[in-house]
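Reading the structure
Spelled out, the chains give:
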Amino acid sequence: MSEKQSLIGASKPQLQQLLANIGVPEKQCRMRQEQLWHWLYTRGSTSFEDMTNISLAMRTQLEDHFCLQRPKIVTEQISVDGTRKWLLALKPQSPREKAPEVECVYIPESDRGTLCISSQIGCTLNCSFCHTGTQRLLRNLTPGEIVGQIMLARDQIGDWPGAQALDQTGLPTSERKITNIVLMGMGEPLYNFENVRDAMLLAMAEDGMAYSRRRITLSTSGLVPEIARTGEEMKVMLAISLHAVRDELRDVLVPINKKYPIAALLDACRNYPGLSNARRITFEYVMLKDINDSAADARELVRLLAGIPAKINLIPFNPWPGSPYECSNWEQIETFADIVNRAGYASPVRTPRGRDIMAACGQLKSLSQKQRASDAKLDDHADSKIMSEAP
Ligand code: SAH
Ligand code: SF4
């Protein structure tokens, strides 16, 4: 990995400062910053050579000090359904950090393409049904590493203006190949608030990548104190990992519930800035056989959400090696969905995508925490290990 500092993730004021630091005369800094910004975030340049409206001398000076490096692909896996999962190597932040890695997933559909990005390496929380939760938190991602996942994915599928899509198979017909971004990969985004916010502000900048805030969804396990700020400072769509309608059960499934129980969480949702029928909160509900999937649970869910403009997203549980739950059977999911539908909520059942490559919700787990040959438990994770082995 390059020793030079990557410009990916720098905001406009930061770019201006970096230019000043390398001796660009103050009078030129603003103009140069605007040029750089355009090449970086509107055009997706991967080389200073592309930046044809910047003088050769200036380009050489930039090249001497900086790079445009995104996270590096360790492995790419393509599912039979077209879902792509990339295991990405990040630049170590300290000499002690060994091969930090995260996963990022692209889910193409005919009319849209969703990119699922990570916000942390691992997770401090340990929701009992989530694979990422079995990996301890190694660190927060920087804004550049977060926005870099989007940029890398756009490089890979040819999704920058003027680029030729490298491989058309299975890509959506929409003009953009990545139309939606979801913060539903590894990590709890609200435990990395500032970096996630700064990355999303870059993704949304109108003279840059210009993703609409209505097409960015941040999923949280329910960090109540950060919810209002999310609406104020990011203004993105909110998804809540609810998964249970009683505190006793949610305490087990989503243990952060012990700190921020259901009533407090739903209060924060009711007060989410910008909430309206046009901007509903999505409640995610994983379907776990005989655990949270009864008709009584569905009725209680409807009762709890009364008055909150909401969508309910039923997620069939995606198993992972050693997971302690089973997915509800199909009739049970339909009965549950019917009750919720009849109460007037849209309740799409999320079709699992990329299960064959362990890319579905909650299956992500990089082995940044490298497995030891003697670690029999990790040996069970054969599938995820193969794709995670760094060369
Ligand atoms: N930490 C955040 C975002 C990442 S998880 C959060 O918890 O919301 C993204 C979604 O996948 C969450 O709703 C999470 O509860 C769900 N999920 C985790 N493991 C899952 C599994 N094995 N099967 C189905 N969904 C899962
Ligand atoms: Fe972390 Fe979300 Fe997984 Fe819970 S569901 S362990 S908060 S990534």
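In this report, we go over the structure that sits alongside the text.

Basis of the calculations
Residues numbered from 1 in each chain as written. Chains lettered and ligands numbered in written order. Predicted model: local features only at pLDDT ≥ 70, side-chain atom pairs only at ≥ 80, totals over all residues. Heavy atoms only, no water. Near = heavy atom within 4 Å. Nonpolar A, V, L, I, M, F, W, Y, C, P; charged D, E, K, R; others polar. Helix = DSSP H or I, 4+ residues; strand = E, 2+ residues; numbered from the N terminus. Buried < 20%, exposed > 50% of the residue type's maximum accessible area, 1.4 Å probe, protein only. Contact = heavy atoms within 4.5 Å. 1 Å grid on protein atoms, 1.4 Å probe; cavity = no way out; pocket = protein on both sides within 12 Å on 5 of 7 lines; lining within 4 Å. Points joined across faces, edges and corners; volume = space filled by probe spheres on them. Patch = residues over 30% accessible without salt bridge, like charges linked within 9 Å, V, L, I, M, F, W, Y side chains within 5 Å. Areas by Shrake-Rupley, 256 points an atom, 1.4 Å probe, with all protein chains shown as cover. Salt bridge = Lys/Arg side-chain N within 4 Å of Asp/Glu carboxyl O. Lys, Arg positive; Asp, Glu negative; His and termini not counted. Charge placed at Lys NZ, Arg CZ, Asp CG, Glu CD. Arc of directions from axis to C-beta. Pairing = 2+ DSSP bridges. Axes fitted to C-alpha atoms, helices over the stretch in contact; angles between N-to-C directions. Parallel < 35°, antiparallel > 145°, perpendicular 65-115°, else oblique. Left-handed = near helix turned anticlockwise from the far one by under 90°.

Section: the site of ligand 2
- Residues in contact with ligand 2, as listed here, are Cys123, Leu125, Cys127, Cys130, Gly133, Gly187 and Ser221.
- The class makeup of the residues in the shell around ligand 2 is four nonpolar, three polar and no charged.

Re the environment of Cys104
- Tracing the sequence through the fold places Cys104 in strand S5 (residues 101-108).
- Look at Cys104 and you get buried, because its relative accessible area is 0%.
- A sequence separation of 16 residues divides Cys104 from Leu88, and the C-alpha atoms of the two residues are 7.6 Å apart.
- Not counting the four nearest positions on each side in its chain, Cys104 is found in contact with Arg84, Lys85, Trp86, Leu88, Leu115, Cys116, Ile117 and Gln149.

Observations concerning the layout of surface pockets
- Its boundaries defined by the atoms lining it, the largest pocket holds a volume of some 1000 Å³.
- Along the wall of the largest pocket there are 32 residues; nearest its centre are Arg112, Thr114, Val182, Asn313 and Arg350.
- Broken down by secondary-structure element, the contributors of at least two residues to the lining of the largest pocket are S5, strand S6 (113-116), strand S9 (180-183), strand S11 (237-241) and strand S13 (310-316).
- At four residues, the largest contribution of residues to the lining of the largest pocket is made by S13.
- For the lining of the largest pocket, the per-class residue count stands at 16 nonpolar, eight polar and eight charged.
- The volume enclosed by the second largest pocket comes to roughly 490 Å³.

Things to note about the environment of Arg30
- Topologically, Arg30 is positioned in helix H2 (residues 26-42).
- Along the sequence, Arg30 and Gly307 sit 277 residues apart, while their C-alpha atoms lie 48 Å from each other.

Some remarks on a negative patch on the surface
- The grouping of Glu49, Asp50, Glu63 and Asp64 at the surface amounts to a negative patch.
- Checked against the element boundaries, Asp64 lands in helix H3 (residues 56-65).

Description of helix H9 (residues 295-305)
- Along H9, the positions that sit buried rather than exposed are Asp297, Ala298, Leu301, Val302, Leu304 and Leu305. Looking straight down H9, one finds its buried side chains confined to an arc of 165 degrees; they lie on one side. Opposite the buried face of H9, by more than 90 degrees, sit the exposed residues Arg299 and Arg303.
- Looking at the buried side of H9, the elements it contacts are helix H8 (262-270), strand S12 (281-287), S13 and helix H10 (330-342).

Description of the sheet that holds S6
- Read from one edge of the open sheet, nine strands run S3-S4-S5-S6-S9-S10-S11-S12-S13, paired in mixed fashion. Looking at the sheet topology across the chains shown, the edges are occupied by strand S3 (72-78) and S13. Neighbouring strand axes in the sheet, compared pairwise and without regard to direction, differ in orientation by 20 degrees on average.
- Pairing of strand S10 (residues 216-220) with S11, which is carried by four bridges, proceeds in the parallel orientation. Across the sheet, residue Thr220 finds its bridge partner in S11, namely Ile240.
- Taken strand by strand, helix H4 (residues 143-157) contacts S3, strand S4 (84-89), S5, S6 and S9, and its axis lies near 125 degrees from that of S4.

Re the packing of helix H5 (residues 193-204) against helix H6 (residues 224-234)
- Close contact between H5 and H6 brings their axes to 11 Å; oriented N to C, the two are set at 25 degrees. Considering the angle they form, H5 stands roughly parallel to H6. As H5 runs across H6, the sense of the crossing is right-handed. Residues Phe193, Glu194, Val196, Arg197, Met200, Leu201 and Met204 of H5 form the contact with H6, whose participating residues are Glu226, Arg229, Thr230, Glu233 and Met234.

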